[in-house]
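# Observations on the model geometry
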Amino acid sequence: MNTRIFKKLSVFAIAAVIGFTSCINDLNTLPLDKDVVTSEDVYAKAENYKGVLAKLYAGLAVSGQQGPHGMGDISGLDEGFGQYLRGYWYAQQLPTDEAVLGWNDGNLRDYHDMDWTSNNEFISAMYSRIFYQISLCNEFIRESSPAKLDERGISGTSQTEIALFRDEARFLRALSYYHALDLFGNVPFVTEEDQVGAFFPEQISRADLFSYVESELLAIENNLSNPGQVEYGRTDKGAAWTLLAKLYLNAEVYTGQKKYTESLNYSKKVIAAGYTLENNYQHLFLADNHRSKENIFVITQDGLRTKTWGGTTFIIHAAVGGSMKPAEFGIDGGWGGLRTTKQFVSKFMNIEGLKSAPVKTKSTKAYPVIYVPGGYQKAAGYGENDWTPAEAPQLASVNSDKNYEGYIYFSKEGDQYKFTAGPNWDVNWGDDGANGTLEPNGANVVAPAPGLYKINVNLNDFLFTSVKTEWGVIGDATPTGWDSDTNMDFDPVSKEWKIIIELGKGSFKFRANDGWDINLGDNGANGTLEYGGDNVAIAEAGKYEIKLKLGTPDYTYTIDKFSSDGRQMFYTDGQSLEIEQLFEFTYGYAITKWKNVTSTGQNGSDLTHCDTDFPVFRLADVYLMYAEAVLRGGSGGDAATALNYVNQIRTRAYGDNGGNITSGQLNLDFILDERARELYWEAHRRTDLIRFGKFSGGSYLWAWKGAVKEGRAIDAKFNIYPIPAADVTANPKLKQNTGY
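Residues numbered from 1 in each chain as written. Predicted model: local features only at pLDDT ≥ 70, side-chain atom pairs only at ≥ 80, totals over all residues. Heavy atoms only, no water.

## So, the environment of K709
Inspection of the secondary structure assignment puts K709 in the loop between α18 (685-691) and α19 (725-730). Look at K709 and you get partly exposed, because its relative accessible area is 27%. Along the primary structure K709 and A273 are separated by 436 residues, whereas in three dimensions their C-alpha atoms are 45 Å apart. Once you skip the residues sitting within four places of it in the chain, K709 turns out to touch E578, I579, E580, W702, A703 and W704. Here E580 takes part through its side chain, which lies 2.6 Å from a polar atom of the side chain of K709. (Helix = DSSP H or I, 4+ residues; strand = E, 2+ residues; numbered from the N terminus. Buried < 20%, exposed > 50% of the residue type's maximum accessible area, 1.4 Å probe, protein only. Contact = heavy atoms within 4.5 Å. Polar contact = N/O pair within 3.5 Å; in protein donor to acceptor, adjacent residues only side chain to side chain.)

Take a look at the structure:
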């Protein structure tokens with residue numbers, strides 16, 4: 001793994017870090033062992049400051065003084081649940097359409113149900129973790145002031161280096177205060193200027209906290225290292241600029257004031273800093289993602305040196321269950337928890353095509369028709385009612401000679417049907433002897449097995465035939481040439497045969513049942529098929545999607561160069577789209593985005609604790625922030641550049657320009673969905689939904705929003721979390737957030 005800020009450094013104990021009496025009631029911050037080392041011991045020597053800085057970075061990555069548990073930083077909750085990144089991920093993902101978690105520990109379910117109270121222990125843990133981190137940063141900032149360094153005789157290059165460490169600590173404090181601003185709004189406020197020890201901190205308003213975070217980042221941005229000039233995992237100017245861009249993008253939520261121009265300005269600084277999009281999207285979430293030049297700021301993870309039950313160890317293990325194979329994810333077992341909702345799946349695919357729905361067959365007004373009503377209609381997706389001629393599929397007489405043909409799908413063995421002359425029962429035929437001869441008002445005809453049948457009716461001689469068909473493609477353009485078929489798959493919803501296939505230059509035909517008795521080609525290359533017709537020509541080798549539409553003549557097909565969004569990493573084997581209940585892993589599609597496997601297929605350094613770093617900020621996010629700020633009216637950017645940035649992201653996702661959009665498609669609704677597609681499970685979704693007005697209320701519903709399977713509207717008070725009740729009780733200066 002790459003050199004990291006705390007990979008090989010001792011993490012020194014920091015004494016007297018407690019600055020929030022009111023923040024440490026039920027979830028008490030544990031002081032470090034003063035018998036081992038004291039504050040004065042640590043700060044007396046210049047070489048120790050980097051080790052203390054390492055503890056500040058480690059505060060985002062691990063949960064205590066030793067890993068993966070024991071000597072936890074906060075108490076009152078299982079140490080794994082209380083880790084910073086895991087707690088933040090819960091708060092940002094579980095109340096949204098992107099994630100559901102099949103565990104019922106304590107009040108964890110409140111996140112899904114969106115009915116949390118000020119007594120929720122997981123919300124309290126996140127709150128305490130934020131303020132513990134702020135306390136650590138305050139202490140380091142306090143002890144590394146120029147006056148303190150002069151007092152200790154630390155000067156020259158050492159003082160210059162420590163000044164940089166101090167600004168990095170200010171960034172980390174600003175990041176945690178940003179999390180407090182976003183999650184809790186109005187919070188207790190303490191800096192290095194306040195006394196050390198027990199006191200009641202003042203509460204700061206959300207707007208004033210916004211101004212403070214802004215002022216801190218503006219004060220340090222030019223002092224930080226240039227992008228890429230410090231050890232991996234440390235912050236630099238790029239991280240400060242990105243946090244400013246994000247802060248300004250959400251300013252209207254936090255303060256009521258629009259700052260989209262400012263967001264654009266800082267987005268442009270990041271974009272000009274030399275970061276580049278990773279060529280392969282999946283590589284951003286693998287065990288060697290430290291190699292990526294797209295990452296701006298990450299929380300580093302190392303299976304041997306930063307062991308934790310939180311971080312990406314949690315994300316990767318919790319997402320594996322059901323029939324999934326843990327070895328494919330570089331882990332020793334899945335925890336069977338995390339999945340996603342059908343509403344998120346719909347960002348990538350038409351979910352209506354994943355469930356039974358009535359589908360109308362092609363209209364054939366040009367030919368005389370007869371109707372085929374039966375007891376199969378509703379189940380096969382032809383309409384809402386069985387035995388209804390007006391809703392039934394039709395057979396057509398292409399030559400107007402009383403010879404009718406068509407293809408009809410039966411979903412189960414024993415489906416029954418008859419033929420009618422019109423969309424009513426005035427004239428109908430059945431088969432009394434099951435011998436292929438039709439009689440007026442005769443017996444029902446029976447389909448012997450489910451499948452798509454080629455049905456021919458001759459009303460000159462009152463005969464009919466029914467042949468079940470399975471279709472494929474054959475030809476020198478196909479992988480097996482003219483020797484054998486490459487089978488297609490039937491979609492019972494669209495009533496189409498489909499295949500995604502690599503084709504060479506050449507030609508092919510459609511063939512039923514691996515024989516030449518029934519084959520279709522295209523005379524005239526017009527998209528309409530004829531029996532025994534000409535070969536379909538392929539002028540250029542590549543991957544194609546072929547669809548064959550049979551039903552009522554004319555029979556048609558489409559063939560298109562295939563592009564798909566490579567970010568749709570769903571595991572569906574044994575998983576249902578619908579989430580009938582939260583606590584069974586097989587309800588809801590699983591996500592395969594995160595793995596403890598390298599880009600070359602090697603496992604991480606440990607099968608239990610993962611090496612995959614968590615990208616807090618990366619370039620694609622900044623591209624999307626730029627585009628959104630332009631659409632929201634910010635000055636200093638332009639729509640053409642915004643479109644270019646979005647299409648760069650989509651070209652990476654699709655592998656070609658097949659997913660590129662036009663200027664007319666680039667709007668705010670698209671940006672919200674594109675942020676979901678690009679950034680899912682990266683702890684952005686709650687903030688995004690709130691900014692777009694889709695989190696609370698009922699304008700956007702998803703499965704189990706508000707504890708209802710179909711989703712329901714929720715109160716706007718849930719746009720911020722409550723201050724923990726224990727803290728409000730302990731500190732008379734705190735006022736609870738509205739509604740709690």
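So, next bit.
## Brief notes about the packing of aromatic side chains
Counted by the stated rule, this structure contains 57 aromatic pairs. Considering the side-chain rings of W89 and W681, the 5.5 Å spacing of their centres and the 85° angle between planes classify their relative orientation as edge-to-face. Placement of the pair is W89 in helix α3 (residues 84-93) and W681 in the loop between α17 (668-679) and α18, with a sequence separation of 592 residues. Measuring from ring centre to ring centre gives 6.1 Å for F348 and Y680, while their planes differ by 75°; the resulting arrangement is edge-to-face. Here F348 is found in the loop between α13 (342-345) and β6 (369-371), whereas its partner Y680 is found in the loop between α17 and α18, with 332 residues between them in sequence. (Phe/Tyr/Trp six-rings, centres within 6.5 Å; stacked < 30°, edge-to-face > 60°.)

## Section: the layout of surface pockets
The space that makes up the second largest pocket amounts to roughly 450 Å³. What lines the second largest pocket is a set of 20 residues, and nearest its centre among them are G228, Y232, Y275, S292 and N295. Looking at side-chain class alone, the lining of the second largest pocket contains 8 nonpolar, 8 polar and 4 charged residues. (1 Å grid on protein atoms, 1.4 Å probe; cavity = no way out; pocket = protein on both sides within 12 Å on 5 of 7 lines; lining within 4 Å. Points joined across faces, edges and corners; volume = space filled by probe spheres on them. Nonpolar A, V, L, I, M, F, W, Y, C, P; charged D, E, K, R; others polar.)

## Considering empty space enclosed by the protein
Tallying each qualifying case throughout the model produces 8 cavities of 30 Å³ or more. Of the pockets and cavities examined, the largest cavity occupies roughly 230 Å³. Lining the largest cavity are 22 residues, and of these Y88, H179, V616, A683 and H684 sit closest to its centre. Elements with a contribution of two residues or more to the lining of the largest cavity: α3, α7 (156-183), α9 (237-249), β28 (614-618) and α18. Looking at the lining of the largest cavity, the element that brings in the most residues is α3, giving 4 residues. Along the lines of polarity and charge, the residues of the lining of the largest cavity split into 12 nonpolar, 5 polar and 5 charged.

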